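Structural overview
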Amino acid sequence: MKKGFYLRLALDGMRKNRRLYLPYLLTCGGMVMMFYILYSLAYSPAVQTMRGGSTMTVVLLLGTIVVAVFALLFLLYTNSFLAKRRNREFGLYNVLGMNKRNLSRILAWETVVSALVSILGGLIGGLLLSKLAELCLIRMAGERTGYAITVAPRSIAATFLFFGAIFALLLLVSLARVGISKPLDLLKSEAAGEKPPRANWVLALVGLLLLGAAYYLAVTIESPLTALFIFFAAVLMVIVATYLLFIAGSVTLCKLLQRNKRYYYKSAHFVSVSSMAFRMKRNGAGLASICILATMVLVMLSSTGCLYFGGEDAIRGMAPYDVTVALRYAAPEACSGEALRELADLVHDLSGGREKNLMTVTDVNFGGYFENGSLDLDGYSRILEISSSPSVLEHLRSVYFLPLEDFDLETDRQPEPGEALVWSSGAAYPYDTLAVEGCTPIRVVGTVRELPFRLTTEETLVTAYCVFLPDWAERAGEVQNYCASLEDEMALPETVQVCFFDLPGLSEEEQLRVTENLRQALRDRMEEEDRAWTGFTTNDRADLHSSFFSMNGSLFFLGIILSIVFIAAAALIIYYKQLSEGYEDQRRFGIMQKVGMTGREIKSAVDSQVLTVFFAPLLMSGLHLAFAFPFVQKLIRLFGVSNTHLLILTSVLCFLAFGLFYVFVYRRTARAYIAIVSEGDERR
Amino acid sequence: MSILEVRDLKKVYTSRFGTQQVEALRRVNFTVEKGEYVAVMGESGSGKTTLLNLLAALDKPTGGTVLLDGVDLSTLPEKDVASFRRGQLGFVFQEFNLLDTFTLEDNIYLPLVLAGRNHKEMAERLEPLARWLGIDGLLKKYPYEVSGGQKQRAAVARALITDPKLLLADEPTGALDSRSTDELLSLFAQVNRSGQTIVMVTHSVKAASHATRVLFIRDGEVFHQLYRGKDTNEQLYQKISDTLTVLATGGEAR
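Residues numbered from 1 in each chain as written. Chains lettered and ligands numbered in written order. Predicted model: local features only at pLDDT ≥ 70, side-chain atom pairs only at ≥ 80, totals over all residues. Heavy atoms only, no water.

Regarding the overall build of chain A
For clarity, the cut-off: Secondary structure elements are taken from DSSP: a helix is a run of H or I of four residues or more, a strand is a run of E of two residues or more, and numbering for both begins at the N terminus. Our radius of gyration looks at C-alpha atoms and nothing else; its globule reference is 2.2 Å times the residue count to the power 0.38. Using a 1.4 Å probe on the protein chains alone, a residue whose accessible area is under 20% of its type maximum counts as buried, one over 50% counts as exposed, and one in between counts as partly exposed. Here a residue-residue contact requires only that any non-hydrogen atoms of the pair lie within 4.5 Å. Per-residue and other accessible areas were derived by the Shrake-Rupley procedure at a 1.4 Å probe size, with only the shown protein chains allowed to occlude residues. In this count, Lys and Arg are taken as positive residues and Asp and Glu as negative ones, while His and the chain termini are left out. Each charge is placed at NZ for Lys, CZ for Arg, CG for Asp and CD for Glu.
A count of helical and extended segments in chain A gives 20 helices and 10 strands. The C-alpha radius of gyration of chain A comes to 33 Å, more than 25% above the 26 Å expected for a compact globule of 684 residues. Once the C-alpha set of chain A is aligned to its principal axes, its extents read approximately 100 × 65 × 45 Å. Here chain A, with 684 residues, has 52% of them falling under the buried criterion. For chain A, restricting intrachain contacts to residue pairs at least 6 apart in sequence, the fraction spanning at least 24 positions comes to 84%. When the accessible surface of chain A is summed, it comes to about 32300 Å², and 61% of that surface belongs to carbon and sulfur atoms. Here chain A contributes 63 positive and 63 negative side-chain charges, whose respective centroids are spaced 29 Å apart.

So, in structure tokens, the structure goes:
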């Protein structure tokens, strides 16, 4: 046979079916591009050398894996869709005398051509766009970089290998499909009679129950950390329920409507309801996939967007002051005003006198299990290890013992020794006494409404009590002694002297330099013998800022990239749906016209069905998003962002933007549908 | 009184770029009386289906008129055509044209539902019809679950349930085996005896031999017609065959 014959047949076939192949190749290329961009960014020198770059690399690599897995699954799905459409052509070749070997050669050429076009196209796109992506990513992380374009041979090789393997797998699957098929089946595969949809009450009910249960779980989760696996269970349940509802539930609903004869036998419902049942039976899985992709996009974008845009607030919560320096002591009695004064002087010198709002606090803090006004210290560390249930977490408290004399508090009655004023980060302190294990019970004589300094969000993750004591040294000593007797390293209270200050008017670099100098000076001081403290920690906002934004910026960036991938996939599914719908409706259109429906009646019936079919997933994903909201809210609070309004705003904006995009895709693809249906018109 | 009157009917198809014109019907004249059973015969390409499409107002004639019960179809506004079609005409097609998303019952109800009838009335109409057509046990099945003959009987039920003035059939036996063909043809004869006017387009001599009159179309014109008179089906069959032979060997109209 002539050389290149099979290649020509393959190319011809693809050209004739360009309505199917063009979007397929575009999607493949898009996947290749995204894979390359993420992979090359993960190993980009610009990313690796920046502050927080290693976090970013991890996040980007995770993203690469997600894209890779998704690409594999999605290309398998689209490939099987294409194969179904092409079976007729292959059947014809088969009848005309080609054997399966010949068909396999055509298939092989097709795969090679698709692979080359999409991988090369995707790589070119990736090379062009990766610099842009890098600039975006680094800007999002709050840094700057040069504009030189880099080519990463390693990433190119990885992309080639990975997608080459995927296409090889696709080829194997198609070959197996041709191998087990019979020629007449191939020829007839499209015309095969379709079983009428049957209502599956059980599955529909199971879907409904699962969805309800999953929503209940998602809404009632108390602590996102300990209940993370519950949330994953809920996510899985929602996915299963979505598939069940779209596949079985929708058909059951249609059947239910058909039973109501008064409703069903109306010209407005008659055609719509019955063909809807068929449409849903065929499209249920695809629509459920769209719904889940849409939900993923929405949750991902709204949460990472909220993290990113809520970053400044979060950092203010995590680092209420520009710089915080804490000196640690072995025991409360070692604390002295002298060390604090020395520290303040040091700060003053190193910042060139530009420090503001400087404040010092001495405190002893510890955690315990709180019930009915008494705090159990014993076994606290054990509780921390096993504290999985929200009911335990509810009882955990962190307690700060502070000397009353250091503060100028407004109160009706100054406490006497044995008494105290209490501030609570949660609900007001509800009891008259506070009995800390191993310590004389303290009578609570008043509450402090406003704390004179700010705690970090981390410190208030569990409810915190600040206890202002006139006889601080004694009480703190009691706690210290009792805890020491427990012989549990973890149970020892922490005695610190903290110095907070702001550095207004200094750039981030200058602030970093001040804290670095401060750390160096303290390290030097550690070498000397005559100091009372045993160690120190610093917390500076500038450092937090850069690490926070390298983390949240790259998460948001990844959110955007993955959203693009998922949205492109959803768009392709929609497009293919429109095509197959079009081919099926073509014939039905003709019949309905002949039995006396006007063109307009047909069009409005079809429009309403198609609209329902396409917008049901969008509405469902909106519902999912709404029920995921409480969890997302709690989850991002862990990252220090607790701005509910911002989260609502980003969620709504994401939903609107996605909806807009969805309408756009729908309208574009509806054109393909109309083209097919009117082709049928001409043929008649 | 004539229920259908076709005068100087002409249909010209223009190819997409307007370069070529094909004359499907040149000058067709005939009338159908109430209660007649007319078969229209001709080779493929003689314009049979074009004629049927014009009678059904699925297509617009280039010239001439079609009067159905005194109404000129071409003067009907577009929006009334569909309701006219479902009220006054019944269709039976070669390919059955049942919607595969409906059960047989719902397929039969379709024209009535479109006309806005209530369900009780529809059920009352269907019941005797389905029994008579022998499909009363199949109503809940979907088209793909039943045989070709059963599908065609459902299609007949759909055509008759509106009590149409005219039943139009386009090769109704074309997709049926010989037994189903016989059954369907005797069914049509029965329908006709009950007073239903039928116009059937076919190129099957056997199908045509059941009619009361046979029209022959060649090159877009009515070329000849045969009346049954007192002939039996077999005699008419012979006459039709002879006429077709003459047509095929190129005889001129007498």
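Having seen the structure, we can now continue with the description.
Points about the packing of aromatic side chains
Condition: Pairing of aromatic side chains here covers Phe, Tyr and the six-membered ring of Trp, requires ring centres within 6.5 Å, and sorts the geometry by plane angle: under 30 degrees stacked, over 60 edge-to-face, intermediate tilted.
The tally for this structure, following the rule as stated, stands at 37 aromatic pairs over all chains. With 4.6 Å between their ring centres and 20° between their planes, A:Phe270 and B:Phe102 make a pair best called stacked. You can see A:Phe270 sitting in helix H11 (residues 267-309) and its partner B:Phe102 sitting in the loop between strand S6 (89-93) and helix H3 (104-114), one on each of two chains. Like B:Phe102, A:Phe270 is buried. Ring centres of A:Phe453 and A:Phe500 lie 6.0 Å apart, and the angle between their planes is 20°; this geometry places the pair in the stacked category. Taken as a pair, A:Phe453 in the loop between strand S7 (442-447) and strand S8 (464-469) and A:Phe500 in strand S9 (residues 494-502) lie far apart in primary sequence, 47 residues in all. By the burial criterion, A:Phe453 is buried, and A:Phe500 matches it. Ring pairing ties together the aromatic residues A:Phe35, A:Tyr39, A:Tyr43, A:Phe162 and A:Phe163, which thus form one cluster.

Some words on the side chain of A:Ser303
Residue and element names in this part refer to chain A. Residue placement: Ser303 occurs in helix H11. Judged by its relative accessible area of 15%, Ser303 falls in the buried class. Discounting chain neighbours no more than four positions away, the residues touching Ser303 are Val632, Ile636 and Leu647.

Details of the nonpolar core
Here is the rule we go by: Nonpolar cores were defined as sets of buried Ala, Val, Leu, Ile, Met, Phe, Trp, Tyr and Cys residues, with membership established by side-chain atoms within 4.5 Å.
Core analysis: the largest hydrophobic core is formed by 176 residues, its most contacted members being A:Tyr24, A:Phe270, A:Phe557, A:Tyr576, B:Phe188 and B:Ile240. Examining the composition of this core, we find that 24 residues originate from one element, helix H18 (residues 541-594) of chain A, more than from any other. Ignoring sequence-local partners within four residues, the contact set of B:Phe188 consists of B:Tyr37, B:Val92, B:Val156, B:Leu167, B:Ala169, B:Pro172, B:Ile198 and B:Met200. In this structure, A:Val323, A:Leu343, A:Phe366 and A:Cys499 belong to the second largest nonpolar core, which totals 39 residues.

Section: helix H5 (residues 100-140) of chain A
The cut-off we apply is this: Bend angle per residue: angle between axes fitted to the 7 residues ending at that residue and the 7 residues starting there.
When the local axis directions of H5(A) are compared, the greatest deviation, roughly 35°, occurs at A:Leu129. A positive phi of about 80° marks A:Gly142, the residue just after H5(A).

Section: the pattern of salt bridges
The cut-off we apply is this: For this document, the term salt bridge refers to a Lys or Arg side-chain nitrogen within 4 Å of an Asp or Glu carboxyl oxygen.
Evaluated as defined, the whole model comprises 27 salt bridges over all chains. Put simply, A:Glu134 and A:Lys131 hold a salt bridge, and the shortest N to O gap is 2.8 Å. Highlighted residues: A:Glu134 and A:Lys131, both in helix H5, separated by three residues, approximately one helical turn. What makes A:Glu134 buried here is its relative accessible area of 5%. Taking relative accessible area as the criterion, A:Lys131 reaches 10% and is therefore assigned buried. Between A:Glu478 and A:Arg475 there is a salt bridge, with its nearest N and O atoms 3.2 Å apart. Here the residue A:Glu478 and the residue A:Arg475 both occupy positions in helix H16 (residues 472-485), the gap between them amounting to three residues, near one helical turn. Taking the relative accessible area as the measure of exposure, A:Glu478 reaches 24% and is therefore partly exposed. Through salt bridges that share partners, B:Glu23, B:Arg26, B:Arg27 and B:Glu221 make up one connected network.

Description of helix H4 (residues 53-95) of chain A
Residues and elements named next belong to chain A. Selection rule: Here the expected span of a helix is defined as 1.5 Å times the quantity of residues minus one.
Helix length check: H4, at 43 residues, gives a terminal C-alpha distance of 60 Å against a target of 63 Å (1.5 Å per residue), a fit within 8%. Arg86 marks the point of greatest bend in H4, at about 45°. Just downstream of H4, Gly97 is the residue with a positive phi angle, here 110°.

Considering the state of the cysteines
Residue and element names in this part refer to chain A. The line we're drawing: The definition used for a disulfide is geometric: two cysteine sulfur atoms within 2.5 Å.
Summed over all chains, the structure comprises zero disulfides over all chains. As a non-bridged cysteine, Cys466 has Cys335 as the owner of its nearest cysteine sulfur, 16 Å distant. A disulfide-free cysteine, Cys654 has its sulfur positioned 9.8 Å from the sulfur of Cys306, the nearest such atom. With relative accessibility at 15%, the residue Cys654 sits in the buried group.

Thoughts on the packing of helix H1 (residues 5-16) of chain A against H5(A)
All names here are of chain A. Put simply, the rule reads: Fitted lines through C-alpha atoms give the axes, limited to the stretch in contact for helices. The angle between two N-to-C directions lies from 0 to 180 degrees. Crossings are assigned a handedness: left-handed for a near helix turned anticlockwise from the far helix by less than a right angle, right-handed for a clockwise turn. Basically, the charged four are Asp, Glu, Lys and Arg, the nonpolar ten are Ala, Val, Leu, Ile, Met, Phe, Trp, Tyr, Cys and Pro, and anything else, Gly included, counts as polar.
H5 packs onto H1 with a crossing angle of 65° between their chain directions and a minimal axis gap of 8 Å. Note that H1 runs across H5; the crossing there is right-handed. Here Tyr6, Leu7, Leu9, Ala10, Leu11 and Met14 of H1 lie close against H5, whose contacting residues are Asn102, Arg105, Ile106, Trp109, Glu110, Val113 and Ser114. Within the contact of H1 with H5, the residues separate by chemical class into nine nonpolar, two polar and two charged.

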